[in-house]
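Structural description and commentary
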Amino acid sequence: MSEYTPTQKVGAALARLRVEASVTQAILAEKSGLDQSRISRIEKGEVVASADVDRALEALEALGAPNAKAFKEYAGRDWQHIEPPSFWNPERTCLEITEETLDEVETFLTNDDHPWPLRRQIERQRDSLLRAASFLGRLSHNVAFIGDMGVGKSTAISFIFDLLVPTSLADKAINRPVLETGAGGTTICEVHIKGGPEFGISLLPMSDAEMRETVSDFCAAKWVANTSEGREAGESVGVSREAERAIRNMSGLGRKRETVEGKIVYQDPVIDLAKSSSSEDEFRTRVLALMNLDDRTRRELWYDSSTRKHPMEWVTETFKAVNNGRLKEVPLPKSIDLLIPNFGRTFGELEITVIDTKGVDDVAVREDLDHRLKDPRTGIVFCSRFNDAPGTSTRVLLQHMRQTFSDRFDTGKVSILALPRSEEARAMKDDIGEQALTDSEGYEFKQMQVSSELSAEDLAGVPMLFYNVEADDAAITRSDLFGQLSRMRKAVEERLFDLCAASQDIIKNHEAQALNAAIEEVANRLNTFLRGNRALGARERLAHVDAISTIKGVRYASTLWASTRRGGDYTGLNVVHLVGVGAARDAKLRSESWFNGLNAFLKSLKADEGLSLAIRSIDQIAANAAASKRAFLEAAQLGGVEVYREPLSQSPVWSACASEWGRGPGFKLRVADRLENWFAKEAKLKDRLEQMISGLWEQTVIAPLERLVDESAPEADPTTGNVIPFKGRMSA
């Protein structure tokens, strides 16, 4: 008799198996000899009696349920090393093999008599097995849409994922999206669409400090605009369109439309309030008072069927009200969750969250976007207008990924989604000047054009998709996006199979003298390589160079102005984050030749016929080195941020930078000069970062390789950097 645990969710699984076999509870009860009420209670999770579950599964198998026998075998497994995956996990077979391999690994490592080179190989492979299995065991993934402001990203998301009001409730098909759309500057924050028990909206509010800073910027900009203080020729400052709209609505200071002498004019109460205030501080205080921030405590809103509105109509109206600051009890959001029952069901077993990021209006290398770019569970969809594809922000961010990270572009991590409008695809021409006859042919022409351009910029391998909201089948695009996530998982699955094979190869053949000799020879040669090639290359560029370059290239003065008023820590321009990016880019430049040398060395080992028995071990060394490279670059970025965060954010240089506004043209260059001088004077921080990078190189790259070649080498804990003695470290 099988033993069932709550983590296996036996009741829900039994109900699904029954439905898949088109069997009613009554039929199952009759076949199993159980009461129908008993079957119902089992499916609800109220009863987990093993004997009853076994009888129900045996009855389902007899009734032709295709997966009943397999589920019983699955439930009988004893998972000791990894979290039991869902029975319907697409990679369950791989995870079962991994669990079996880890069991063999554990047994192998309990024997102290095995040669140390084999033990070290198996230890590293065990850790890699556990990490990869943890990734595949979870079914949750994000699909993040990133693009320039106004490209149609929110509209595309609404149509692709059927976030639409019924046709009868919209005057035009294009006006059906649940997400608020416009010509850019519409959505105030990042929006997450995910499954939920009911239709609802949940929000994470801005912190009190963030809210007051935004209002402070709004008031400062309006004060400057209505006084002679700080006017800048040809440029102006202010908050974003969407933030201004929300602040006006929350404070009741929206512009009022009036008819004067037959003409429509707009009266601005903000101007009147500013004129009636004796100082900017008083003006800001009065605006904050009007917003009633203390009363805005509501975080969740749920659909009520008594409104008699269609659920999607309610979501559309409520989202628009929250996004524009129209609800008196709701604060200004930092992020909004739209909860839709059964959302993402076309993605099979995967639990997806679709993320509509804030459009890129100026600086593309933002901290919030980097979080998505680096998250291994998030697939990125770069959106662009068809005629502009791949789009400005797409080019910048792909180059950023190439220069800062070490990920490939053909693993499912990224794709480009071009959004054509009517007739744009058919306006494309081939090499001899003939126009496309169909949209599909136009898409092919555009894809060839973009692929050629990206290849020339060393950005080859990015898949490209097309979607016209008025003409194309959304189901095809959803399938393409599902395929993108599947490729991400497949890459990890293949890695897991390779790890299992390599581990089993060593375990099964560990007594063979030829295998031991080959692995020991690989260790000896790698040790020689490390002795002659230990040092990290010299620094290529200072960490702050990218930050200064970005400041000089800022499109809107208001972006830089807002950053100077926040000590450089602004969502649209985070200077400390850019310093971290610069540190990672330098780390990549100075380590590139070392990793190229290591790869060439490992290829030479594989070409040596005398080491053919150790080829799988050599492949795992290469894979571990690639993982160490990613860890090193990530640590370098964090190191740059930590070294500079406090000294830079708390420096008086920012008040000096902010004061540059209003002193005539050249605001950006004057701020850049002040910051360059600050970095030059703070040379000790540069030396501190260099020392940290050298230490990170040893901890994340050299130490893990030394563990494979030196019996006495300590191990560096990847989470702390502290060394862990080898002796006694036998279990996961």
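Residues numbered from 1 in each chain as written. Predicted model: local features only at pLDDT ≥ 70, side-chain atom pairs only at ≥ 80, totals over all residues. Heavy atoms only, no water.

What the chain contains, in helices and strands, is 25 helices and 15 strands. Scaling as 2.2 N^0.38, a compact globule of 732 residues should have a C-alpha radius of gyration of about 27 Å, and the chain matches this with 30 Å. Once the C-alpha set of the chain is aligned to its principal axes, its extents read approximately 95 × 75 × 65 Å. The buried share of the chain, taken over its 732 residues, is 52%. Counting only contacts in the chain whose residues sit at least 6 apart along the sequence, the fraction spanning at least 24 positions is 75%. Within the structure as shown, the chain displays about 33600 Å² of accessible surface, and the carbon and sulfur contribution to it stands at 48%. Of the side-chain charges in the chain, 94 are positive and 111 negative, and the distance between the mean point of each set is 4 Å. (Helix = DSSP H or I, 4+ residues; strand = E, 2+ residues; numbered from the N terminus. Rg over C-alpha atoms; globule rule 2.2 N^0.38 Å. Buried < 20%, exposed > 50% of the residue type's maximum accessible area, 1.4 Å probe, protein only. Contact = heavy atoms within 4.5 Å. Areas by Shrake-Rupley, 256 points an atom, 1.4 Å probe, with all protein chains shown as cover. Lys, Arg positive; Asp, Glu negative; His and termini not counted. Charge placed at Lys NZ, Arg CZ, Asp CG, Glu CD.)

The next point concerns empty space enclosed by the protein. Throughout the structure, instances matching the rule amount to three cavities of 30 Å³ or more. In terms of lining residues, the largest cavity is bounded by Pro117, Arg120, Gln121, Ile519, Val522, Ala523, Leu526, Ile621, Leu708 and Val709. Going through the elements one at a time, helix 7 (116-137), helix 18 (513-532) and helix 25 (683-709) are the ones with two or more residues in the lining of the largest cavity. It is helix 18 that contributes the most residues to the lining of the largest cavity, four residues altogether. Considering only residue class, the lining of the largest cavity consists of eight nonpolar, one polar and one charged. (1 Å grid on protein atoms, 1.4 Å probe; cavity = no way out; pocket = protein on both sides within 12 Å on 5 of 7 lines; lining within 4 Å. Points joined across faces, edges and corners; volume = space filled by probe spheres on them. Nonpolar A, V, L, I, M, F, W, Y, C, P; charged D, E, K, R; others polar.)

Another aspect to go through is the nonpolar core. Phe382, Trp594 and Leu675 are the most contacted members of the largest nonpolar core, which has 107 residues in total. For this core, the leading source of residues is helix 21 (residues 575-607), giving 13 residues. Not counting residues up to four positions away in its chain, the partners in contact with Leu675 are Ile548, Ile551, Leu648, Val653, Trp654 and Cys657. In terms of nonpolar packing, the next biggest core, distinct from the first, is built from 68 residues, Cys219, Ala243, Leu253 and Val270 among them. (Core = buried A, V, L, I, M, F, W, Y, C linked by side-chain atoms within 4.5 Å.)

Taken as a whole and assessed by the stated rule, the structure comprises zero disulfides. With no disulfide partner, Cys94 has as its closest neighbouring cysteine sulfur the one in Cys500, 6.0 Å distant. Cys383 takes part in no disulfide bond, and the closest cysteine sulfur, belonging to Cys189, lies 17 Å away. Its relative accessible area of 1% is what places Cys383 among the buried residues. (Disulfide = S-S within 2.5 Å.)

Strand order in the open sheet made by the nine strands is 6-3-7-2-8-1-9-10-11, with mixed pairing throughout. Strand pairing shows two members of the sheet lacking a second neighbour, strand 6 (300-302) and strand 11 (464-466), which therefore form its edges. This sheet shows a mean twist of 20 degrees between the axes of neighbouring strands, independent of strand direction. Across three bridges, strand 2 (residues 190-195) lies against strand 8 (residues 351-356) in antiparallel orientation. Directly across from Ile193, in strand 8, lies its bridge partner Val354. Lying over the sheet, helix 15 (residues 392-404) contacts strand 1 (140-147), strand 9 (378-385) and strand 10 (414-419), oriented at roughly 145 degrees with respect to strand 9. (Pairing = 2+ DSSP bridges. Axes fitted to C-alpha atoms, helices over the stretch in contact; angles between N-to-C directions.)

A word on the pairing of strand 9. Extensive coverage of strand 9 is indicated by the burial of seven of its eight residues. Pairing between strand 1 and strand 9: six bridges, direction parallel. What sits directly across from Ala144, in strand 9, is Ile380. Where strand 9 and strand 10 come together, six bridges link them in parallel fashion. By the bridge assignment for strand 10, Arg385 is matched with Leu419.

Overall, the coordinates contain 23 aromatic pairs when judged by the stated rule. Ring plane angle 80 degrees and centroid distance 6.2 Å describe the contact between Phe199 and Tyr303, whose orientation is recorded as edge-to-face. Highlighted residues: Phe199 in the loop between strand 2 and strand 3 (200-205) and Tyr303 in the loop between strand 6 and helix 13 (311-323), separated in sequence by 104 residues. Residue classification places Phe199 among the buried positions, given a relative accessible area of 19%. Residue placement shows Arg16 over the ring face of Trp88; its charged tip is 4.1 Å from the ring centre. Just above the ring of Phe135 sits the side chain of Arg377; from NZ or CZ to the centre is 4.5 Å. (Phe/Tyr/Trp six-rings, centres within 6.5 Å; stacked < 30°, edge-to-face > 60°. Lys NZ or Arg CZ within 6 Å of the ring centre and 35° of its normal.)

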